[in-house]
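Structural overview
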Amino acid sequence: MKKTLRNSCLSLCILALILALSLTVRAQTPAPAAPATPAAAAPTPVVTPADAELKDAAGKAPATADLAKGDPGGTITGTINDVPAADSKAGVTLPDVANQVGQNKIAVNFVWTLVTGFLVMFMQAGFAMVESGLCRVKNANHTYMMNFFVYTCGLFAYWILGFAIQMGGAAGNSNLGGLNTLTGEKSMTLFGKTWGLFGQTGYFLSGHTYDVGVMVIFLFEMVFMDTALTIVTGACAERWKFLTFAVSSVIMGAITYPLYGNWAWGAGWLSQLGTNVGLGKGYCDFAGSGVVHAVGGMTALAVSMIVGPRIGKFNRDGSSNPIIGHDISAVLIGCFILAFGWFGFNPGSTLGASANGNLRIGTIAVATMLAGCTGTLGAIIYMWALKGKPDASMSGNGLLAGLVAITAPSGFVSATNACIIGLVAGVLVCVSCAFVENFMKVDDPVGAISVHGTNGLWGVLSVGLFADGTSNYGGSWNGVTGSVTGLFYGDASQFAAQLIGISTLMGFVFTLSFVINLALEFFVGQRVSVETELAGLDIPEMGQLGYPEFVFRPEPAYSGD
Amino acid sequence: MAANKQQGSYFGLFLAGATVLCAGFAYFGGGTGKALLALGAIALIGSLLGFLGIKPLEGKTAMNPGPEGMKLVGAAVCALGWILTLSGIHITASTGGRIVFALLGIGVTAVGMIFILPAAFNKNAIWKGDSGATERARTAAAAKTTMEHSR
């Protein structure tokens, strides 16, 4: 009876789901097609000297017969004949050329943003390898599956709700053609100023948001969101119930992450601190040390507190036992994959390679590379000098810490400052890991809280310290004219804006995540049973071992003779 | 309780409810939108009740009940720090004053996050008792062996 009732409920809901989706499909019915080119609607052009020159150039361009012979040197491919003319009888005119130039700029930026987004998506593989490698073999399948399924949960949640909350009011990005349909920011007026709270357009990418530019920004922002979600799976590995993980990830992808993302990047109140109260250029987080990593890190801390430490992690006197991961090679290869993906994360955050100061992408890429390098150095030297061994897992965490820390300032700092930021991050991650484990008694199998949380906050702060005022992305940032400049270069107000961002991450994001997951603890339960945990989560939770043919063979005793 | 069919069904219901609810938000202006919103909310509540119903099947976890009030106090102190920072934006117009308020806010939040909440969760922590002693011993032995091999 119960089963029939449950099945009926499910069938009803699936029907409702189909109805809801069909509504969105109806809303996506394209508007009447626009003219092929804007110039087509223009009045008949007057023939100017420039038009005559264009006609002359068209006459001199290589003919089809020349092109048929091949172009090994690449000197005759791509000429005026490749510019589409609005009126074929009149030939190519100046407006045609201008339109083509505009479209080329947007095309370059679309391709740049999409390709860098693809790189960020590939980081999921790196996260999966790092997290699973640092866990015991009995939990390998479960940890890999969390990293796999978080992509699906996050993407779905972001499509139905998250994107609308985060970017629903983010119109005005000229790199991607204006994004002019994203105009639904809900705001409130406080002390005579208007503050953005959350976006309201873009549910299901339907209606007017069925737009080429919106699709590009959706893909790029979605993979960033997914990076934040996957941070939590590492901190709670080896004891988190798969069901609770899935529900928690959906909620984080739909609400927690998009809310802070809106405040920082989607015309929300943090980005308005400059225009409203004169604090620098508003809260600045170029690629997401705060929005992505600290949000993930703060949530990881909240959830891992609730889930509790693994059995055997702490002794009765409070001292901790190291629980060694099963595959250090996966960890280090995963770190390299992440470092590779970071070239999408940071340089891609210009959202374009053409115009508006976007040629700074080279500087951003080098800053990213150097911070990763000094982060690794910091961690290795710290561990080697203080603990006696250049610990492999902490070396990987040092690399990631440097990359996390440079993510926010990468668009605003010099190569030297990037090195300093990375070096501090490399040491900070070691200190923070010890603090979280030994002082707070929070069990974080992969060091995610320290890598992403602590160093995410450090990255946000470092913008307020090290931004050197040389970047120029279209002459303004967050609507305030000028370049982002930190405390060491003369602007204390930028430092204040960054501190407000940090306080919001710690005070709001952490608390919200904590309350949501405490509610999930009540309704679903966060942790697997003792039997499941001791046996390993692979069989009870996933139904199969990660390595079914793995045979444990004890090492022979070393006699010393 | 390991993963099972009931969990899968209720998770499906949760996702379907969330989707229908969001469709309701998207078309809230019309009658259909409001109906979808209500239907989605019902499905979501149904899934939560379903989760609650099967929760006891999980069996004993390696956690003891802690002081719930202290956990909520910790969360409230964290939020209070943020509110203090926000207040500073409007209380003073000077950059220095706002920096001081922000630092105070971060400090208050840190007290909640680093001192109150861990104390609440660790008060009755299972590792303080005898439970899990076998696994603890096994983990310690495995770690010792690994360290010895690496020397």
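Anything mentioned here points back to the structure above.
1. Considerations on the overall build of chain B
Along chain B, the regular secondary structure elements total five helices and zero strands. Tracing chain B from N to C terminus, the helices and strands come up as α-α-α-α-α. When burial is assessed residue by residue, chain B has 40% of its 151 residues classed as buried. In chain B, of all internal contacts separated by at least 6 residues, the share reaching a separation of at least 24 is 59%.

2. Quick word on unusual backbone geometry
All names here are of chain A. Positive phi, normally seen in glycine, also occurs at Phe191, with a value near 50°. Looking at where Phe191 falls in the secondary structure, it is placed in the loop between β1 (185–190) and β2 (193–199). On the basis of neighbour count, Phe191 is assigned to the exposed category, with 9 C-beta atoms found within 10 Å. Phi is positive for Leu351, close to 60°, though the residue is something other than glycine.

3. Examining the pairing of β1 of chain A
Summarising the sheet, β1 of chain A and β2 of chain A pair through six bridges and their orientation is antiparallel. Directly across from Glu185 of chain A, in β2 of chain A, lies its bridge partner Gly199 of chain A.

4. So, the interface of chain A and chain B
On the side of chain B, 68 residues touch chain A, which itself brings 68 residues to the contact. For the side of chain A that touches chain B, the element with the most residues is helix α15 (residues 492–523) of chain A, which contributes 18 residues. Of the residues in the side of chain A that touches chain B, the class split is 46 nonpolar, 14 polar and eight charged.

5. Focus on helix α2 (residues 31–54) of chain B
Over its 24 residues, α2 of chain B extends 35 Å from the first C-alpha to the last, a length consistent with the 34 Å expected when each residue adds 1.5 Å. All of the buried residues in α2 of chain B are Leu36, Leu39, Gly40, Ala43, Gly46, Ser47, Leu48, Gly50 and Phe51 of chain B.

6. Topic: the packing of helix α11 (residues 361–387) of chain A against helix α13 (residues 415–439) of chain A
Residue and element names in this part refer to chain A. Close contact between α11 and α13 brings their axes to 7 Å; oriented N to C, the two are set at 35°. Considering the relative orientation of α11 and α13, their crossing is right-handed. Here the contact of α11 with α13 is composed, by residue class, of 18 nonpolar, seven polar and no charged.

7. Looking at the environment of Ile217 of chain A
Residue and element names in this part refer to chain A. When you line up the elements, Ile217 lands in helix α6 (residues 212–235). Distance from Ile217 to Leu114, taken between C-alpha atoms, is 8.4 Å for residues 103 residues apart in sequence. When residues no more than four places from it in sequence are discounted, the contact partners of Ile217 are Met167, Leu176 and Leu179.

8. Side note on helix α9 (residues 289–307) of chain A
All names here are of chain A. The end-to-end C-alpha separation of α9 is 25 Å, in line with the 27 Å expected for 19 residues at 1.5 Å each. Across the 19 residues of α9, 19 count as buried, placing the element largely inside the fold. Backbone geometry just downstream of α9 places Gly308 in the positive-phi region, at approximately 85°.

Calculation criteria
- Residues numbered from 1 in each chain as written.
- Chains lettered and ligands numbered in written order.
- Predicted model: local features only at pLDDT ≥ 70, side-chain atom pairs only at ≥ 80, totals over all residues.
- Helix = DSSP H or I, 4+ residues; strand = E, 2+ residues; numbered from the N terminus.
- Buried ≥ 20, exposed ≤ 12 C-beta atoms within 10 Å, placed from the backbone.
- Contact = placed C-beta atoms within 7 Å.
- Pairing = 2+ DSSP bridges.
- Nonpolar A, V, L, I, M, F, W, Y, C, P; charged D, E, K, R; others polar.
- Expected span 1.5 Å × (residues − 1).
- Axes fitted to C-alpha atoms, helices over the stretch in contact; angles between N-to-C directions.
- Left-handed = near helix turned anticlockwise from the far one by under 90°.

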